[in-house]
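The primary structure of each chain is shown beneath.
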Amino acid sequence: MRQPTRQQRSRSRHSDRPGAADPAGGLPGLPGLPALPPLPARLPRPLVDLAPTALVLLVLVPLAANDPDLGPTTSAPVNAGLMTAGALALAVRRRYPEAVTAVTLLSGQLPLAIALYALAARRGATLALGVLALLAEARLLLPFDEGDLTTYSALANLIEDPAVFGAVPLALGLAAHQRARAVSALAERNRLLEEARRHAEERAVAAERARLAREMHDIVSNRVSLITLHAGGAQLATADDPVAVRATLGLIRTLGQQALTELRGLLGVLTPASDQGPSLRGLAALVEESRQAGLAVGLTLTGPAEGPPAPGPAVQYAAYRIVQEALTNAHKHAPAAEVAVTVEVRPDGLRLAVVNSPDGTGGAPDLPSGGHGLDGMRTRADDLGGTLHAGPTPDGGFAVRARLPLAATAPSSAAN
């Protein structure tokens, strides 16, 4: 005979416990019976609308038909008919609260109280509510004998119905109306905040895309332009000069590696430290690369020996990129011109200028240009609170001049 497994023994012990639930979903302790469904969070809307009508028709109408004192008149059948009319009117109290309240003025106290609550909750403190509330209070006072007010019990009986079936429903309805307005205002505020957050995220994404496009343009445009120029030189070199060809290919390889390194840092694959990123210390190497590509470039970097502190990393990064883009434009549009790069650190900021003489040859290489270089340089200066001006010189050359503050908050691109 096969022995029960450990899992079967555990399930058997669990099912033998008092109050244990049936594995099939039955009630605890009653195996085989289906479990009760969970209660809904809110009752269905038709049920809420028709519940007062059903209550009055099933309870108050039969009582009014047998008790002539239950109603506004002394006739039991008339009171039952008025109670029925008020009960049926309550079914549409949400859509026509004023008309339903007017109809229930001739009905019983409970239908009138329900109608007053619905009117106050739907409309709030309006002129119609004030008029109907006064009529309701008068209606609730009519069944009482106002001649005997000598005792506290008689006075209590006088104000009992107007307070319970008039004032209390009105107060509860007004409170519900204010709460609904507050909830609606909070929902609208949350919607506006969510919309503002979404717009802020979209602006941040657009700004980040523009920054990445600017960085990609500066890196790719400069490096690829130099690679193209060196490749053209290698193409024109003769086979009898393998040393020159080998040197040119080495330069192309170096420029490609530098472009890849900067692109990886930009995209987050390899993020260099802030002191290893492009800065003023790299201007000499940048100018030397342009010289090797055939551009006559001179560099002048000056600053007081004991004066203002060195520019911050963000300022040095922007200055490096501006000079890089200006040299790229010189390669594209004036390859035979002489270019002077001047960078000066002053107490009031960093001044830089990249000025090239007229080209004179008209033989600019056929290099593609996106037309975004000048806009990118201006954006870099503007982001740091500086200025940049670019345009032709009187002698036919071109000049890029920028002024940058010494200290600025490093943007996200400065880290790369």
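This is a predicted model, so every value here is computed, not measured.

Draft legend 1. Focus on the nonpolar core. Ranked by size, the top nonpolar core spans 31 residues in total, and within it Val323, Leu327, Val339, Val341, Leu350 and Leu352 carry the most contacts. Of all elements in the fold, only α9 (283-292), α10 (313-333), β4 (338-346), β5 (349-356), α11 (373-383) and β7 (398-404) reach the threshold of two or more residues within this core. The greatest single-element share of this core, amounting to 10 residues, is contributed by α10. If sequence neighbours within four positions are ignored, Leu350 has contacts with Leu280, Pro311, Val315, Ala319, Val343, Glu344, Val345, Ala402, Arg403, Leu404 and Leu406.

Draft legend 2. Examining the pattern of salt bridges more closely. By the definition in use, this model includes nine salt bridges. For the salt bridge of Arg197 with Glu194, the shortest nitrogen-to-oxygen distance reads 2.2 Å. Residue Arg197 and its partner Glu194 are both found in helix α7 (residues 152-236); the two are separated by three residues, about one turn of the helix. Residue classification places Arg197 among the partly exposed positions, given a relative accessible area of 39%. Linking Arg346 and Glu344 is a salt bridge whose minimum nitrogen-to-oxygen distance equals 3.4 Å. The class of Arg346 is partly exposed, set by a relative accessible area of 32%.

Draft legend 3. The arrangement of the pairing of β7 in detail. In terms of strand pairing, β5 meets β7 through seven bridges, oriented antiparallel. From the neighbouring strand, Arg351 faces β7, where its bridge partner is Arg403. Pairing between strand β6 (residues 387-392) and β7: six bridges, direction antiparallel. Opposite His389, over in β7, you have Arg401 as the bridge partner. Connecting β6 to the antiparallel partner β7 that follows it, the hairpin turn spans five residues, and Gly396 within it adopts a positive phi of roughly 100°.

Cut-off values and rules
- Residues numbered from 1 in each chain as written.
- Predicted model: local features only at pLDDT ≥ 70, side-chain atom pairs only at ≥ 80, totals over all residues.
- Heavy atoms only, no water.
- Core = buried A, V, L, I, M, F, W, Y, C linked by side-chain atoms within 4.5 Å.
- Buried < 20%, exposed > 50% of the residue type's maximum accessible area, 1.4 Å probe, protein only.
- Helix = DSSP H or I, 4+ residues; strand = E, 2+ residues; numbered from the N terminus.
- Contact = heavy atoms within 4.5 Å.
- Salt bridge = Lys/Arg side-chain N within 4 Å of Asp/Glu carboxyl O.
- Pairing = 2+ DSSP bridges.

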